[in-house]
Amino acid sequence: MARLRGPGGCPWDMEQDHQSIAQCLVDECSELLETIDKLDMDHMREELGDVLLQVVFHAQLAKEAGHFDFEAVAEEINEKLIRRHPHVFGDVDLNNSDAVLKQWDEIKATEKANKPASASQFKDLPPALPALLFAYDVFKQIEKKALPVGDCVDMEAIEAMAEELDEEAAGHILFEIAAACRLKGIDPESAARKFARRVMAESDALVAPLEADAS
């Protein structure tokens, strides 16, 4: 990548910046996810390389600007893995996945302590997260933190649906919803994201008085 960006390199590569290649990362991740869904190992190897190339590309751009290089990226994630696995690299004794995840969240919260405080009970989520995964993560936090939900969420109906659901049935339902949205002229991504944010807002509104009373 340094050669491609350097003198006598590729004109296209030399013209790029972080913003101009951002969509490439989204595209390559999508293609990788397709190989994972199919368990297509030969093409998965190829797509992992394409995703890695995006990491290398961004690291090279950052190096040229004097910010960091690929070695720094690798070193930081290595240190993070060691820091968040004291049960492997330290003397903490954990014997099940639930305990590991609880410890991971506690360590992560400590790491994020210096970030600007948020009034919301919901952790920061990537703004470009697909709406379905965004909704999934919102509900995940509701479960993990035992957050209250407003009238827009029927927990009993959700639990009843989950009892009857499997992967094929979930795919069937989601496809039909997407198709119905198409016929109705509704953007399913926007609809799911707006509703998930409504759930977050109602939950935060229910938590705020409780926190005020506790203080």
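Structure's up top.
For clarity, every value in this text was computed on a predicted model and none was experimentally measured.

K.L.:
Which residues make up the nonpolar core, and what values do they have?
P.N.:
In terms of nonpolar packing, the biggest core is built from 12 residues, these being Phe122, Leu129, Phe134, Val138, Ile142, Leu147, Cys152, Val153, Ala196, Val199, Met200 and Val207. Of all the secondary-structure elements, those providing two or more residues to this core are α8 (131–145) and α11 (188–214). Ranked by the residues each element gives to this core, the list is headed by α11, at four residues.

K.L.:
Give me the lowdown on the pattern of salt bridges, citing residues and values where you can.
P.N.:
Taken as a whole and judged by the stated rule, the model has eight salt bridges. For Glu111, the salt bridge goes to Arg84, with nearest N and O atoms at 2.4 Å. Taken as a pair, Glu111 in helix α7 (residues 97–111) and Arg84 in the loop between α5 (70–83) and α6 (86–89) lie far apart in primary sequence, 27 residues in all. For Glu111, a relative accessible area of 26% puts it in the partly exposed group. Taking relative accessible area as the criterion, Arg84 reaches 4% and is therefore assigned buried. Note that Arg198 is salt-bridged to Glu202, the shortest N-O span being 3.1 Å. Of this pair, Arg198 and Glu202 both sit in helix α11, separated by four residues, roughly a single helical turn. Since its relative accessible area comes to 23%, Glu202 is described here as partly exposed. Salt bridges sharing common partners tie together Arg83, Arg84 and Glu111.

K.L.:
Break down the packing of aromatic side chains for me, with residues and values.
P.N.:
Across all of its chains, the model carries one aromatic pair by this definition. Judged by centre distance (6.5 Å) and plane angle (70 degrees), the ring pair of Trp12 and Phe57 falls under edge-to-face. Here Phe57 lies in helix α4 (residues 41–64) and Trp12 lies in helix α2 (residues 11–15), a separation of 45 residues in the sequence. Using a relative accessible area of 44% as the deciding quantity, one classes Trp12 as partly exposed. When its relative accessible area of 3% is taken as the criterion, Phe57 is described as buried. Between the NZ or CZ atom of Arg193 and the centre of the ring of Phe134, over which it lies, the distance is 5.3 Å.

Scoring rules and cut-offs
- Residues numbered from 1 in each chain as written.
- Predicted model: local features only at pLDDT ≥ 70, side-chain atom pairs only at ≥ 80, totals over all residues.
- Heavy atoms only, no water.
- Core = buried A, V, L, I, M, F, W, Y, C linked by side-chain atoms within 4.5 Å.
- Buried < 20%, exposed > 50% of the residue type's maximum accessible area, 1.4 Å probe, protein only.
- Helix = DSSP H or I, 4+ residues; strand = E, 2+ residues; numbered from the N terminus.
- Salt bridge = Lys/Arg side-chain N within 4 Å of Asp/Glu carboxyl O.
- Phe/Tyr/Trp six-rings, centres within 6.5 Å; stacked < 30°, edge-to-face > 60°.
- Lys NZ or Arg CZ within 6 Å of the ring centre and 35° of its normal.

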